[in-house]
Amino acid sequence: MCARLIIMTLACALYCGCSSQDKPTTMPAATERRTPSSDGAALYRQYCASCHPDGGNVSDPSRTLRRSSLASHHITTADDIIRIMRNPISRMIRFDPASLPDHDARAIAEYILTTFK
Ligand code: HEC
């Protein structure tokens, strides 16, 4: 009875210990996630598509990533889009250069401008 309790306690401690170690404490280095060709489509799916599926916007339908909508908010160039990634307007999460390097941000911006009309 007592031994069983100890084994169960140990198993639990091991399990809990392992699962907390699995959680990354830091963001993976930018280089690990950089694709050689900076595939804008893949990066877009990874970072943006959850909130902007198919160039839309799940929480603010007035701010989609379609060309005409962007233009009505004076967003017409890749630099304009990168500026918003670095300094979002309000509810969007911020993508800083440490987690999303400039050339990946640019690949995403160019993908948006050429894909969503
Ligand atoms: C957590 C959800 C979320 C994610 C992830 C997200 N966005 Fe947004 N985005 C928003 C929201 C909400 C807005 C509306 C403005 C605001 O509240 O900041 C927005 C607005 C924008 C705008 C401005 C549109 C306009 O007409 O004003 C651009 C450009 C944009 N997002 C690009 C991106 C890009 C590029 C990515 C991926 C790198 C991305 N977003 C990821 C939620 C998100």
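Presented here is an overview of the structure given in this document. In this text, all values refer to a predicted model and were calculated from it rather than measured experimentally. (Residues numbered from 1 in each chain as written. Predicted model: local features only at pLDDT ≥ 70, side-chain atom pairs only at ≥ 80, totals over all residues. Heavy atoms only, no water.)

Glancing now at the coordination of the iron atom of the ligand. Of the protein atoms, only His52 (NE2) and Met92 (SD) coordinate the iron atom of the ligand, at distances of 2.0 to 2.1 Å. For the iron atom of the ligand, the six donor atoms in the first shell make angles of 85 to 180° at the metal, so the coordination geometry reads as octahedral. Within this pair, whereas His52 is found in the loop between α3 (40-47) and α4 (67-72), its partner Met92 is found in the loop between α5 (78-86) and α6 (102-115), the two being separated by 40 residues in sequence. Its relative accessible area of 10% is what places His52 among the buried residues. (Donors = N, O, S within 2.8 Å, 3.2 Å for Na, K, Ca; no water. Tetrahedral: all angles 85-135°; square planar, octahedral: opposite > 155°, others 65-115°. Helix = DSSP H or I, 4+ residues; strand = E, 2+ residues; numbered from the N terminus. Buried < 20%, exposed > 50% of the residue type's maximum accessible area, 1.4 Å probe, protein only.)

Here we take up the packing of α3 against α6. Between α3 and α6, the shortest axis-to-axis distance is 8 Å and the interhelical angle comes to 95°. Here α3 is positioned roughly perpendicular relative to α6, judged by the angle of their axes. When α3 is examined against α6, the residues Gly40, Ala41, Leu43, Tyr44 and Tyr47 are found in contact with a partner set consisting of Asp104, Ala107, Ile108, Tyr111 and Ile112. Here the residues of the contact of α3 with α6 sort into eight nonpolar, one polar and one charged. (Axes fitted to C-alpha atoms, helices over the stretch in contact; angles between N-to-C directions. Parallel < 35°, antiparallel > 145°, perpendicular 65-115°, else oblique. Contact = heavy atoms within 4.5 Å. Nonpolar A, V, L, I, M, F, W, Y, C, P; charged D, E, K, R; others polar.)

On inspection of all chains with the given rule, the structure shows four aromatic pairs. Taking the centre distance of 5.3 Å and the plane angle of 50° together, the rings of Tyr44 and Phe116 count as tilted. Here Phe116 lies in the segment after α6 and Tyr44 lies in helix α3, a separation of 72 residues in the sequence. According to the relative accessible area criterion, Phe116 is buried, its value standing at 5%. An aromatic cluster is present here, built from Tyr44, Tyr111 and Phe116 joined pairwise through their rings. (Phe/Tyr/Trp six-rings, centres within 6.5 Å; stacked < 30°, edge-to-face > 60°.)

What follows is about the packing of α5 against α6. Between α5 and α6, whose axes approach to 9 Å, the crossing angle comes to 120°. The angle between α5 and α6 falls in the class oblique. Pair α5 / α6 crosses with right-handed handedness. Of the residues in α6, those touching α5 at Ala78, Asp79, Ile81, Ile82, Met85 and Arg86 are Asp102, Ala105, Arg106, Ile108, Ala109, Glu110, Ile112 and Leu113. Class assignment of the residues belonging to the contact of α5 with α6 gives a composition of nine nonpolar, no polar and five charged. (Left-handed = near helix turned anticlockwise from the far one by under 90°.)

The next thing to look at is the pattern of salt bridges. Summed over the entire model, instances satisfying the criterion amount to five salt bridges. Its salt-bridge partner being Asp60, residue Arg91 comes within 3.6 Å of it at the nearest N-O pair. Here Arg91, found in the loop between α5 and α6, pairs with Asp60, found in the loop between α3 and α4; they are 31 residues apart in sequence, far enough to count as distant. Asp79 is the partner of Arg106 in a salt bridge, and the nearest nitrogen-oxygen pair spans 2.7 Å. Of the two residues, Arg106 sits in helix α6 while Asp79 sits in helix α5, which places them 27 residues apart along the sequence. (Salt bridge = Lys/Arg side-chain N within 4 Å of Asp/Glu carboxyl O.)

In the vicinity of the ligand there are 22 residues, among which Cys48, Cys51, His52, Arg63 and Met92 approach most closely. Here His52 contributes a side-chain N or O atom positioned 2.7 Å from a nitrogen atom of the ligand. Measuring from an oxygen atom of the ligand, one finds a backbone N or O atom of Ser90 at 2.7 Å. Of all the elements in the fold, those that place two or more residues in the shell around the ligand are α5 and α6. Of the residues that constitute the shell around the ligand, the class distribution is 13 nonpolar, six polar and three charged. (Near = heavy atom within 4 Å. Polar contact = N/O pair within 3.5 Å; in protein donor to acceptor, adjacent residues only side chain to side chain.)

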